[in-house]
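Overview (structure and organization)
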Amino acid sequence: MKIVKTKKGLAFTLVLLTMVVGMFCWWKFSKNGPDHYYTIEVVELHEGGFGYKILHQDEMLIYQPFVPAVGHNKPFVSKEDAIKVAQLVRNKLESGYGFSVSAKEIQELNLSVSY
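Note that the structure is a prediction, hence the values are computed from the model and not measured.

1. Here we look at the packing of aromatic side chains
- Following the criterion strictly, the structure yields 1 aromatic pair and no others.
- Pairing Y52 with F76 gives two aromatic rings, centres 5.9 Å apart and planes at 45°, and the pair type is tilted. Of this pair, Y52 sits in strand β2 (residues 50–56) while F76 sits in the loop between β3 (59–64) and α2 (79–95), placing them 24 residues apart in sequence.
- By relative accessible area, which is 2% here, Y52 ends up buried.

2. Topic: the pairing of strand β1 (residues 38–44)
- Strand direction decides the pairing type here: β1 and β2, joined by 7 bridges, are antiparallel. The residue bridging T39 from the neighbouring strand is L55, located in β2.

3. Focus on the pattern of salt bridges
- Inspection of every chain in the model, using the stated rule, returns 2 salt bridges.
- We note a salt bridge from K92 to E105, for which the minimum N-O separation is 3.0 Å. One end of the pair, K92, is in helix α2; the other, E105, is in helix α3 (residues 103–108), with 13 residues separating them in the sequence.
- According to the relative accessible area criterion, K92 is buried, its value standing at 16%.
- Here E108 makes a salt bridge to K104, at a shortest N to O gap of 4.0 Å.

4. Things to note about a nonpolar patch on the surface
- Together, F12, L16 and V20 line one region of the surface with nonpolar side chains, adding up to about 310 Å² of accessible area.
- Tracing the sequence through the fold places L16 in helix α1 (residues 2–31).
- Its relative accessible area of 42% is what places L16 among the partly exposed residues.

5. What to know about the sheet that holds β1
- Across the sheet, 3 strands lie side by side as β1-β2-β3; this open sheet has antiparallel pairing. On the outer flanks of this sheet lie β1 and β3, each paired with one strand and no other. The mean angle between the axes of side-by-side strands here comes to 25°, regardless of whether they run parallel or antiparallel.
- Here β2 runs beside β3; their pairing, made up of 5 bridges, is antiparallel. From the neighbouring strand, K53 faces β3, where its bridge partner is Y63.
- Relative to the sheet, α2 contacts β1, β2 and β3, its axis offset from that of β2 by approximately 30°.

6. Re the nonpolar core
- In terms of nonpolar packing, the biggest core is built from 16 residues, with Y52, I54, F76, V85 and V89 touching the most fellow members.
- Elements that contribute at least two residues to this core include exactly β2 and α2.
- Examining the composition of this core, we find that 6 residues originate from one element, α2, more than from any other.
- For F76, the contacting residues outside a window of four places in its chain are G49, F50, G51, Y52, Q64, F66, V67, P68, D81, A82, V85 and L111.

Basis of the calculations
- Residues numbered from 1 in each chain as written.
- Predicted model: local features only at pLDDT ≥ 70, side-chain atom pairs only at ≥ 80, totals over all residues.
- Heavy atoms only, no water.
- Phe/Tyr/Trp six-rings, centres within 6.5 Å; stacked < 30°, edge-to-face > 60°.
- Helix = DSSP H or I, 4+ residues; strand = E, 2+ residues; numbered from the N terminus.
- Buried < 20%, exposed > 50% of the residue type's maximum accessible area, 1.4 Å probe, protein only.
- Pairing = 2+ DSSP bridges.
- Salt bridge = Lys/Arg side-chain N within 4 Å of Asp/Glu carboxyl O.
- Patch = residues over 30% accessible without salt bridge, like charges linked within 9 Å, V, L, I, M, F, W, Y side chains within 5 Å.
- Areas by Shrake-Rupley, 256 points an atom, 1.4 Å probe, with all protein chains shown as cover.
- Axes fitted to C-alpha atoms, helices over the stretch in contact; angles between N-to-C directions.
- Contact = heavy atoms within 4.5 Å.
- Core = buried A, V, L, I, M, F, W, Y, C linked by side-chain atoms within 4.5 Å.

Put into structure tokens, the structure is as follows:
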């Protein structure tokens, strides 16, 4: 009799554990699905330099034509610099930390321009 109860308890525990893992996987992957995915586009500015756009479901969420947090409106010198900052902002958005960037974070990215 005890063996039957133990097997039923083990089966119940395994089913419950499978459901919890399944729900976690569904939650984790649905957050990163197409409804919550941010894309980056680098833009070349007419006046020279680069900026970036961050899109959500093909709609522009952020347009950043200059380096943020440095106190003056200078465009990025290279595509690579624009991508570095855009990736930082996208990671913050996807992590739920907003989208603001500090001067310290800009310095830590080692961009091509001295400010």
